[in-house]
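# Observations on the model geometry
Listed below are the residues making up each chain.
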Amino acid sequence: MRSLGRYPLSEEEEMERRRLLLLAATGLGLAAAPGGRAEATRELLDMTLQPPRALEDWHIACADHLHAVSTRPAAQVHDDLLTDLVALQQQMTTAPAARVMELQRVTATLSAYHASVLTRLGEVGPALRWYRTARGAAEASGDMALWLRIVGHEAGHSLYGLRDLATNLRVIGNALKRVGDDAAPSAGLALLVGAQAKTFALLGQRERALAAAQRLQDIADSNFAPVQGFWEPSLDYRLPFTLSQVYAGIGDRDNAVAMQNHVLSGNPRGYHVRVNARLHSALCTVVNGGVDEGVREASEAFASLPPSYRNVMVTETGRRVLRAVPIDRKDQGAVREFRALLPLDHQPIV
């Protein structure tokens with residue numbers, strides 16, 4: 001570990017120091033983001049004065065970024081995540097081999113969080129590329145349980161505009177084949193099967209959606225170890241929230257209401273959870289023929305969220321309500337009013 005203020009730097013560190021000097025001088029740091037010059041200067045000071053961050057600090061950083069993703073508008077979270085990813089890459093270039101493996105796990109996790117933020121911002125191409133980076137880092141670490149969690153995370157987020165539904169099923173199927181039929185219950189397997197159930201529901205494949213939902217329930221009943229940021233039933237009501245989407249999409253009113261009540265009666269983490277649970281209810285109402293009631297319910301849910309929080313993961317859920325409206329009723333007043341609340345270009349309101 002470098003001592004405080006050690007000098008001279010290694011060849012690799014000296015090259016990085018010169019890069020940061022250039023960024024600080026030109027203001028081109030962090031993709032020309034606001035405050036880029038100040039951030040590049042801070043990175044330079046960290047490199048010169050501070051020892052590499054301890055692994056525990058990186059694990060705390062993961063928890064901090066997860067909290068930010070759950071509580072702050074996506075546009076605010078983006079730059080902070082990217083800053084730490086730059087610092088992490090810098091540290092990996094000089095870290096001893098024994099530490100690189102764990103840093104790769106941190107890279108996989110933070111890259112997945114960053115891809116999640118980009119999904120919320122409607123940045124489809126960058127989100128998919130960051131998920132690819134996350135999968136690569138997980139594989140490089142040799143942690144296949146982490147790899148499966150990343151793939152499951154990606155499959156769930158892909159339902160918000162990253163991929164078409166058929167391709168998402170293909171990706172899910174490939175991952176399930178890789179882990180095999182005898183895969184032990186885990187957070188990654190639950191995420192993957194949950195995404196599969198939701199995809200079947202959105203495709204209107206009722207029986208396959210119900211079969212996948214039952215498999216998800218069986219996996220969850222095994223009481224596998226929760227994993228922060230991926231599957232924490234006691235904190236974010238992951239299972240009922242997932243099942244709410246499945247049952248709403250196929251019009252199973254009784255089960256959908258039960259799952260939504262479970263979510264809304266607790267204190268789920270994530271500002272989007274409550275509003276999306278209400279949008280699931282609206283979707284189920286529309287699927288069962290209550291068009292006016294459903295779209296009014298959707299309008300109230302959507303309007304309850306401040307504009308800066310209305311990211312793609314919320315607006316796309318609202319669009320599912322609109323897509324469920326029969327074509328001969330899409331010009332009704334309540335439908336037009338709800339459509340007017342949503343951005344025209346499938347971008348978040350920020």
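Residues numbered from 1 in each chain as written. Predicted model: local features only at pLDDT ≥ 70, side-chain atom pairs only at ≥ 80, totals over all residues. Heavy atoms only, no water.

### Digging into the overall build of the protein
Broken down by element type, the protein carries 18 helices and zero strands. Scored against the burial criterion, the 350 residues of the protein give a buried share of 50%. For the protein, long-range pairs separated by at least 24 residues make up 67% of all intrachain contacts whose partners lie at least 6 apart in sequence. As displayed, the protein has an accessible area near 15,800 Å², and 54% of this comes from carbon and sulfur atoms. (Helix = DSSP H or I, 4+ residues; strand = E, 2+ residues; numbered from the N terminus. Buried < 20%, exposed > 50% of the residue type's maximum accessible area, 1.4 Å probe, protein only. Contact = heavy atoms within 4.5 Å. Areas by Shrake-Rupley, 256 points an atom, 1.4 Å probe, with all protein chains shown as cover.)

### Thoughts on empty space enclosed by the protein
Enumeration according to the criterion identifies two cavities of 30 Å³ or more in this entry. Each pocket or cavity is described by its volume, and for the second largest cavity that value is around 80 Å³. In terms of lining, the second largest cavity is formed by Lys-198, Ala-201, Leu-202, Gln-245, Val-246, Ala-248, Gly-249, His-280, Leu-283 and Arg-320. When contributions to the lining of the second largest cavity are tallied by element, the ones reaching two or more residues are α10 (187–202), α13 (238–249) and α15 (271–287). (1 Å grid on protein atoms, 1.4 Å probe; cavity = no way out; pocket = protein on both sides within 12 Å on 5 of 7 lines; lining within 4 Å. Points joined across faces, edges and corners; volume = space filled by probe spheres on them.)

### Re the nonpolar core
One recurring pattern in soluble globular proteins: nonpolar side chains tend to sit buried together. Counting residues in hydrophobic clusters, the biggest one holds 68 residues, and the most contacted among them are Ile-150, Leu-192, Trp-231 and Val-321. Considering each element in turn, this core owes the most residues, 10 residues, to α10. Leaving out residues up to four positions away in the same chain, Leu-192 has contacts with Leu-148, Val-151, Gly-152, Ala-155, Ile-172, Ala-175 and Leu-176. (Core = buried A, V, L, I, M, F, W, Y, C linked by side-chain atoms within 4.5 Å.)

### Quick notes on the packing of aromatic side chains
A full pass over the atoms with the stated rule returns four aromatic pairs. With 5.9 Å between their ring centres and 55° between their planes, Phe-224 and Trp-231 make a pair best called tilted. With respect to burial, Phe-224 and Trp-231 carry one shared label: buried. Ring centres 4.6 Å apart and planes at 75° place the aromatic pair Tyr-271 and Tyr-309 in the edge-to-face group. Of the two residues, Tyr-271 sits in helix α15 while Tyr-309 sits in the loop between α16 (291–303) and α17 (312–323), which places them 38 residues apart along the sequence. The ring of Phe-230 carries Arg-149 above its face, with NZ or CZ at 5.6 Å from the centroid. (Phe/Tyr/Trp six-rings, centres within 6.5 Å; stacked < 30°, edge-to-face > 60°. Lys NZ or Arg CZ within 6 Å of the ring centre and 35° of its normal.)

### Remarks on the pattern of salt bridges
In total, this model carries eight salt bridges according to the counting rule given. Ionic pairing is found between Asp-84 and Arg-53, a salt bridge with its closest N-O pair at 2.9 Å. Within this pair, whereas Asp-84 is found in helix α5 (residues 74–92), its partner Arg-53 is found in the loop between α3 (36–49) and α4 (55–71), the two being separated by 31 residues in sequence. Judged by relative accessible area, which is 12%, Asp-84 ranks as buried. Arg-105 serves as the salt-bridge partner of Glu-102, at 2.9 Å between the closest nitrogen and oxygen. Taken together, the residues span about one helical turn, with Glu-102 and Arg-105 both in helix α6 (residues 97–120) at a distance of three residues. The exposure class assigned to Arg-105 is partly exposed, which follows from its relative accessible area of 25%. (Salt bridge = Lys/Arg side-chain N within 4 Å of Asp/Glu carboxyl O.)

### Topic: the packing of α13 against α15
Where α13 contacts α15, the axes come no closer than 8 Å and their chain directions differ by 20°. Compared by their axis directions, α13 and α15 come out roughly parallel. Two packed elements cross with a definite hand, and for α13 against α15 that hand is left-handed. When α13 is examined against α15, the residues Phe-241, Ser-244, Gln-245, Tyr-247, Ala-248 and Gly-249 are found in contact with a partner set consisting of Val-273, Asn-276, Ala-277, His-280, Leu-283, Cys-284 and Val-287. Each residue belonging to the contact of α13 with α15 can be placed in one class, and the counts come to eight nonpolar, five polar and no charged. (Axes fitted to C-alpha atoms, helices over the stretch in contact; angles between N-to-C directions. Parallel < 35°, antiparallel > 145°, perpendicular 65-115°, else oblique. Left-handed = near helix turned anticlockwise from the far one by under 90°. Nonpolar A, V, L, I, M, F, W, Y, C, P; charged D, E, K, R; others polar.)

### A word on the environment of Arg-278
By the secondary structure assignment, Arg-278 is in helix α15. Assessed through its relative accessible area of 30%, Arg-278 is described here as partly exposed. Counting along the chain gives 14 residues from Arg-278 to Leu-264, while the straight-line C-alpha distance between them is 8.5 Å. Setting aside residues up to four positions removed in sequence, Arg-278 forms contacts with Leu-264, Glu-297, Glu-300, Ala-301 and Ser-304. A distance of 3.5 Å separates a polar atom in the side chain of Arg-278 from a polar atom in the side chain of Ser-304. (Polar contact = N/O pair within 3.5 Å; in protein donor to acceptor, adjacent residues only side chain to side chain.)

### A short note on the packing of α15 against α17
For the pair α15 and α17, interaxial distance at closest approach is 9 Å and the crossing angle is 10°. Taken together, the axes of α15 and α17 are roughly parallel relative to one another. The residues of α17 that touch α15, namely those facing His-272, Val-275, Asn-276, Leu-279, His-280, Ala-282, Leu-283 and Val-286, are Met-313, Val-314, Thr-317, Gly-318, Arg-320 and Val-321. When the residues that make up the contact of α15 with α17 are grouped by side-chain class, the tally is eight nonpolar, five polar and one charged.

### Details of the side chain of Asp-252
You can see Asp-252 is positioned in the loop between α13 and α14 (253–264). Although buried, Asp-252 forms no salt bridge, and the nearest oppositely charged side chain, Arg-206, lies 4.5 Å from it. Here the side chain of Asp-252 touches Asn-255 through a polar contact of 2.9 Å, side chain to side chain. (Lys, Arg positive; Asp, Glu negative; His and termini not counted.)

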